[in-house]
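# Reading the structure
Given next are the chains, with one letter for each unit.
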Amino acid sequence: MTDLHPCIAESENWVKQVIMKYNICPFARREVESSSIRYHACEQTKVKAVLKAFIGECKLLEKTPEIETTLFILPRGFEGFYSYLDLVDSANDILVQHDFEGVFQIASFHPDYCFDGEPQDSAANFTNRAPYPTLHIIREASMELALASYDDPESIPQRNIAFAERKGTDFFIKLLEQCKR
């Protein structure tokens, strides 16, 4: 379920060649195989317009149960990681304002993602690096069901970080470059 934009193919490649292939998200395979992921490129570059489009995407998800999740991709305007984090905070606030708190949650991905306290070049950061700034809109009820059927879901982030550190930064840089093909 995609709209046409050049960043869509790269993001789909990233989901399949990184997230699914290396089991970064153990729940991705089912959604990829059932084609229930929507990839939406938001061309807006101003925060207010992006947030309006974002809440529109949440409303679309609310009305369309066959779409399980949306990758809300920002191909332009949020290349800076810290301005992107401000947008993520605003998107979380707007979920509350529109009564979507507890309905949807956001997972955030960015080409320069950096965990607080981690050096920029730490391989651990690649667990949240994507070809483009992306707000992943997740249905909370679906996430709760998925987590309930997974042994030790709390271990997922640490398992991913350990995997990233074993593989190293160069491995992930090459993977992300391959997603652009």
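As shown above, the structure is provided for reference.
A brief report on the enclosed structure follows. None of the values given here were measured: they were computed from a predicted structure.

Bringing the side chain of Glu10 into the picture now. Along the chain, Glu10 turns up in helix α1 (residues 6-20). Although Glu10 lies buried, it forms no salt bridge, and the closest oppositely charged side chain, Lys180, sits 5.0 Å away as judged by the N-O distance. Every residue in contact with Glu10, bar those within four places of it in the chain, is listed here: Pro131, Tyr132, Cys179 and Lys180.

Quick look at the packing of helix α3 (residues 47-63) against helix α4 (residues 81-97) now. Contact geometry for α3 and α4: axes closest at 10 Å, N-to-C directions at 45°. The angle between α3 and α4 falls in the class oblique. When the axes of α3 and α4 are compared, the crossing they make is right-handed. Where α3 abuts α4, its residues Val47, Val50, Leu51, Phe54, Ile55 and Cys58 lie against Leu87, Ser90, Ala91, Ile94 and Leu95. Here the residues of the contact of α3 with α4 are counted per class, giving 10 nonpolar, 1 polar and no charged.

Attention shifts here to the sheet that holds strand β2 (residues 69-73). Spatially, the 4 strands line up as an open sheet ordered β1-β2-β4-β3, and their pairing is mixed. The open sheet has two edge strands with one neighbour each: β1 (37-41) and β3 (104-109). Recorded for the sheet is a direction-independent mean angle of 20° between the axes of neighbouring strands. Of the strand pairs in this sheet, β2 and strand β4 (residues 134-139) are connected by 5 bridges, and their pairing is antiparallel. When the sheet's bridge partners are listed, Phe72 is paired in β4 with Leu135. Against the sheet, α3 engages β1, β2, β3 and β4, with an angle of about 165° to β2.

What follows is about the side chain of Glu57. By secondary structure assignment, the location of Glu57 is in helix α3. For Glu57, the side chain forms a polar contact with the side chain of Arg38, separated by 2.5 Å. Ignoring sequence-local partners within four residues, the contact set of Glu57 consists of Arg38, His40, Thr70, Phe72 and Ile137.

Time to look at the nonpolar core. The nonpolar side chains of soluble globular proteins are, as a tendency, buried together. In terms of nonpolar packing, the biggest core is built from 26 residues, with Trp14, Val15, Tyr39, Leu71 and Ile73 touching the most fellow members. Put simply, the parts of the chain that give this core at least two residues each are α1, α2 (28-33), β1, β2, α6 (156-167) and α7 (169-178). In terms of residues, this core owes the most to one element, α1, which gives 7 residues. Filtering out sequence-adjacent residues up to four positions away, Leu71 remains in contact with Trp14, Val15, Ile37, Arg38, Tyr39, His40, Thr134, Leu135 and His136. Judged by nonpolar contacts, the second largest core, of 25 residues, contains Ile55, Cys58, Leu74 and Ile137.

About the cut-offs
- Residues numbered from 1 in each chain as written.
- Predicted model: local features only at pLDDT ≥ 70, side-chain atom pairs only at ≥ 80, totals over all residues.
- Heavy atoms only, no water.
- Helix = DSSP H or I, 4+ residues; strand = E, 2+ residues; numbered from the N terminus.
- Buried < 20%, exposed > 50% of the residue type's maximum accessible area, 1.4 Å probe, protein only.
- Lys, Arg positive; Asp, Glu negative; His and termini not counted.
- Salt bridge = Lys/Arg side-chain N within 4 Å of Asp/Glu carboxyl O.
- Contact = heavy atoms within 4.5 Å.
- Axes fitted to C-alpha atoms, helices over the stretch in contact; angles between N-to-C directions.
- Parallel < 35°, antiparallel > 145°, perpendicular 65-115°, else oblique.
- Left-handed = near helix turned anticlockwise from the far one by under 90°.
- Nonpolar A, V, L, I, M, F, W, Y, C, P; charged D, E, K, R; others polar.
- Pairing = 2+ DSSP bridges.
- Polar contact = N/O pair within 3.5 Å; in protein donor to acceptor, adjacent residues only side chain to side chain.
- Core = buried A, V, L, I, M, F, W, Y, C linked by side-chain atoms within 4.5 Å.

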